[in-house]
Amino acid sequence: MGGGSGSSSSSSSSSSSSSSSSSGGSWSDRRLKTDIRRLGTSAQGIPVYAFRYIWGGPMFVGTMAQDLLAIRPEAVIETASGYYMVDYDKLDIAMISLPEDASPLTAEAVMALATRAARIRSRGSVQPAM
């Protein structure tokens, strides 16, 4: 998941169980998410949410591409299918998956995890969770 361009790219099927695609972005289209809960805003003004994908799986923390179209359009990738992806390398947060036992975490703690993951990613130490 890294280094996606801001141009249109082909997509994999939206029924995939993965949160990312070979195009270098992560599925971040609001239409592909459910159980959406706003957690806050990153230091760079990026709205941050907890959500699940409509095809199931764990809870994730990330952003919505539709929000970024107005404030950070260079981070949004429109796929051939019409769904949006986000190049998280251009943001100050990383998309992370949460373990099932994460429900006691506060919104502030989850935001801190996403921010910390972005800092680690920017140093090239780890890849964000998929």
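Refer to the preceding data block for the structure.
This one's a predicted model, so the numbers in the text were calculated from it and none came from an experiment.

Conventions and cut-offs
- Residues numbered from 1 in each chain as written.
- Predicted model: local features only at pLDDT ≥ 70, side-chain atom pairs only at ≥ 80, totals over all residues.
- Heavy atoms only, no water.
- Pairing = 2+ DSSP bridges.
- Helix = DSSP H or I, 4+ residues; strand = E, 2+ residues; numbered from the N terminus.
- Axes fitted to C-alpha atoms, helices over the stretch in contact; angles between N-to-C directions.
- Buried < 20%, exposed > 50% of the residue type's maximum accessible area, 1.4 Å probe, protein only.
- Polar contact = N/O pair within 3.5 Å; in protein donor to acceptor, adjacent residues only side chain to side chain.
- Contact = heavy atoms within 4.5 Å.

Further remarks concern the sheet that holds strand 7 (residues 96-98). As summarised here, the arrangement of the four strands in space is 2-3-4-7, forming an open sheet in which the pairing is antiparallel. Among the strands making up the open sheet, the edge pair consists of strand 2 (33-41) and strand 7. Each strand axis lies, on average, 25 degrees off the axis of its neighbour in the sheet, ignoring direction. Taken together, the six bridges between strand 2 and strand 3 (residues 47-53) define a ladder with antiparallel strand orientation. Directly across from Arg37, in strand 3, lies its bridge partner Ala50.

So, on to the side chain of Ser28. Tracing the sequence through the fold places Ser28 in the loop between strand 1 (26-27) and strand 2. Overall, the relative accessible area of 0% leaves Ser28 in the buried class. Only 3.4 Å separates the side chain of Ser28 from the side chain of Tyr88, close enough to count as a polar contact. With near-sequence residues (within four places) excluded, Ser28 lies in contact with Lys33, Thr63, Met64, Ala65, Gln66, Tyr84, Met85, Val86 and Tyr88.

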